[in-house]
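Listed below are the residues making up each chain.
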Amino acid sequence: MRDPDGLIARAGVRGDPDRDQHFLVDDRVLDRLPTYLDETDADTSHLLEIGGGTGALTDRLLAIGDEVTVVERDRDLAAFLREEFAGEIDAGELTVIAGDALEVDLPDFTASVSNLPYGVSSEIAFRLFPEKQPLVMMFQQEFAERMVADPGTSEYGRLSVSSQHYADVELVESIPKEAFSPPPAVQSAVVRAVPRDPDYAVENEAFFLRFVKALFTQRRKTIRNAIRNTAHISGLAEPEAVVDAADEDVLGKRAGAMAPAEFAALAQLARDVGEPADE
């Protein structure tokens, strides 16, 4: 495997916290990241990496995948990757896309392993989740803990419900600051997401996610008051009709105590009687 520090030296760059650039340089962590796909029975024929940096993780992914696509928004780094991995590109094993992962067209990938840029990690994760492929993603520790949190815990929120709607999510490893160059201000964590269909029905996913977002903006209020107070977010024209139709035991709860399936049932009721604006 290529040496991470050697890659940085050849690229002639230094990580820049102001640009959300923290290069992963710990060989042990880099070696472990691809192995978290092992328990998912992932198809490794086409791996996707978001934020390739100087290519330390890219090198490991090439060792296990038939084909790898890297998306790198820094055009100088993308040019370095094309130079450093010219042989793999010529062999058809690697494709480097220079651009923003939130804007470029992504390929049909079979699994993804990424050290995500933390400033846009949420947006990238929720672009990848609907693809229904195994994901191994690096986040800030606090963000990762919120993704995997259970109802009734202080970390549980909109992020928990939305993530767990798409996949079984598991925090598989915490990563110290010292594993990066330069070290970030916070500890990091690796989340593995295994796609699966939820055990509840959602007829309109966009409304479901918007409804969950709305109720969590009023997480200290009861569901009754949250429905009334967030119609401008959920788009409900008749929030009072939803309150009148919902069960009293649900209306008395707070968002932090509601399981994803309960949100789904309430969202369906809201669509049926609340006259959402986009329906």
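Named according to an unreviewed UniProt entry, the protein is Probable ribosomal RNA small subunit methyltransferase A originating from Natrinema pallidum. Regarding the protein, the UniProt comment filed under Function (unreviewed entry) reads as follows: "Specifically dimethylates two adjacent adenosines in the loop of a conserved hairpin near the 3'-end of 16S rRNA in the 30S particle. May play a critical role in biogenesis of 30S subunits." According to the UniProt record, the Sequence similarities (unreviewed entry) comment for the protein reads "Belongs to the class I-like SAM-binding methyltransferase superfamily. rRNA adenine N(6)-methyltransferase family. RsmA subfamily."

## Points about the pairing of strand β9 (residues 188-195)
Within β9, six of the eight residues are buried, leaving the element largely enclosed by the surrounding structure. Pairing between strand β6 (residues 135-140) and β9: six bridges, direction antiparallel. Bridged to L135 within β9 is A193. Pairing of strand β7 (residues 167-175) with β9, which is carried by eight bridges, proceeds in the antiparallel orientation. Bridge pairing in β9 links E170 to R192.

## Topic: the pattern of salt bridges
Under the counting rule described, the total for this entry stands at 16 salt bridges. The partner of R228 in a salt bridge is E240, with the nearest N and O atoms 2.8 Å apart. A residue pair is termed long-range when its members are at least 10 positions apart, and R228 in helix α10 (residues 223-229) and E240 in helix α12 (residues 239-245) qualify at twelve residues. On the accessibility criterion, R228 (34% relative accessible area) is partly exposed. When its relative accessible area of 35% is taken as the criterion, E240 is described as partly exposed. With a closest N to O distance of 2.5 Å, E262 and K253 form a salt bridge. For K253, a relative accessible area of 28% gives the class partly exposed. Each of the salt bridges in this network shares a partner with another, and the network as a whole consists of R2, R10, D59, E84 and E88.

## Structural notes on the packing of aromatic side chains
Overall, the coordinates contain eight aromatic pairs when judged by the stated rule. An angle of 5° between the planes, with centres 5.6 Å apart, marks the rings of F129 and Y166 as stacked. Highlighted residues: F129 in the loop between α6 (121-128) and β6 and Y166 in helix α8 (residues 158-166), separated in sequence by 37 residues. Under the relative-accessibility criterion, F129 is labelled buried at 4%. Feature note: the residues F126, F129 and Y166 constitute an aromatic cluster, connected by ring pairs.

## Let's talk about the side chain of D74
Secondary-structure assignment places D74 in the loop between β3 (68-72) and α4 (75-84). Among the polar contacts made by the side chain of D74, one reaches the side chain of Q21 at a distance of 3.1 Å. Within the local environment of D74, its side chain forms a polar contact with the backbone nitrogen of L77, the two atoms lying 3.1 Å apart. Setting aside anything within four residues of it in sequence, one finds D74 in contact with R19 and Q21.

Here is what the cut-offs are and how they apply
- Residues numbered from 1 in each chain as written.
- Predicted model: local features only at pLDDT ≥ 70, side-chain atom pairs only at ≥ 80, totals over all residues.
- Heavy atoms only, no water.
- UniProt positions renumbered as here; feature names shortened; annotations may be inferred.
- Buried < 20%, exposed > 50% of the residue type's maximum accessible area, 1.4 Å probe, protein only.
- Helix = DSSP H or I, 4+ residues; strand = E, 2+ residues; numbered from the N terminus.
- Pairing = 2+ DSSP bridges.
- Salt bridge = Lys/Arg side-chain N within 4 Å of Asp/Glu carboxyl O.
- Phe/Tyr/Trp six-rings, centres within 6.5 Å; stacked < 30°, edge-to-face > 60°.
- Polar contact = N/O pair within 3.5 Å; in protein donor to acceptor, adjacent residues only side chain to side chain.
- Contact = heavy atoms within 4.5 Å.

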